[in-house]
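Structural features, examined
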Amino acid sequence: MSDLVSVREARREDAWGIARVRVDTWRVAYDGLVDDRILAALDPEREGHRRAELWLENTAAAGAAQFVAEQNGVIVGWAAVGACRDDDRPGTGELHAIYVHPSLWSAGVGHELLTAATASLRSSGFAEASLWVLDRNERAAGFYERHGWIEDGAVKSEQSSLAEAPPLIERRRVIRFE
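Parameters and conventions
Residues numbered from 1 in each chain as written. Predicted model: local features only at pLDDT ≥ 70, side-chain atom pairs only at ≥ 80, totals over all residues. Heavy atoms only, no water. Buried < 20%, exposed > 50% of the residue type's maximum accessible area, 1.4 Å probe, protein only. Helix = DSSP H or I, 4+ residues; strand = E, 2+ residues; numbered from the N terminus. Arc of directions from axis to C-beta. Contact = heavy atoms within 4.5 Å. Polar contact = N/O pair within 3.5 Å; in protein donor to acceptor, adjacent residues only side chain to side chain. Salt bridge = Lys/Arg side-chain N within 4 Å of Asp/Glu carboxyl O.

**Observations concerning helix α3 (residues 44-53)**
When α3 is considered as a whole, its buried residues turn out to be E47, G48, R51 and A52. Angularly, the buried residues of α3 cover 135° about the axis, an arc narrow enough to put them on a single face. Residues of α3 that are exposed and point more than 90 degrees away from the buried face comprise R46 and E53. Summarising the contacts, the buried residues of α3 are in contact with α1 (15-29), α4 (55-59) and β3 (74-83). Capping the start of α3 is the job of one residue whose side-chain oxygen sits 3.0 Å from the backbone nitrogen of E45: D43.

Structure follows, in structure tokens:
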């Protein structure tokens, strides 16, 4: 079997594979950055059902697209894009999410997903895009910086699902498409 990774547009039936990648990635990437109880409570089956139920809602908006990376028929990465959700960035795009299974970090999968995601944003007519990175997630920050995304100074705080856990602090990065 080939070990090549291919990127394609995601489909509703990919929801469970996407959920597995997202949960596995959160547990590794956010270890020490997010309360352990939150990471332990992540459930890929529940997340897959939720993603499948919300599929049309999450993909119906103009400019919305989702991509998966597959290796040997198994989903190993996911990216989602669409219009920016920030009030101060109307008319721009946003990379809503990008996750690569930790077993394939630094193997080019993230680059391929990011390439597909930014091409989709461009083809949707966005001249700029933004994304949010969890504070202290140096691995992700370095990845985006290498791809031309720069911090713009915006910071947001979101209360986690666990009320007694500290809020999650995120920093915004932006890119202008040439």
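**Notes on the side chain of R89**
Turning to its location among the elements, R89 is positioned in the loop between β3 and β4 (93-100). Since its relative accessible area comes to 12%, R89 is described here as buried. Ignoring anything within four residues of it in the chain, the contact list for R89 reads C84, E128, A129, S130, R172 and V174.

**Let's talk about the pattern of salt bridges**
On inspection of all chains with the given rule, the structure shows 19 salt bridges. Here R89 makes a salt bridge to E128, at a shortest N to O gap of 3.7 Å. Residue R89 is found in the loop between β3 and β4, and its partner E128 is found in strand β5 (residues 128-134); the two are separated by 39 residues along the sequence. On the basis of relative accessibility, which here comes to 27%, the residue E128 falls in the partly exposed class. For D135, the salt bridge goes to R171, with nearest N and O atoms at 2.8 Å.

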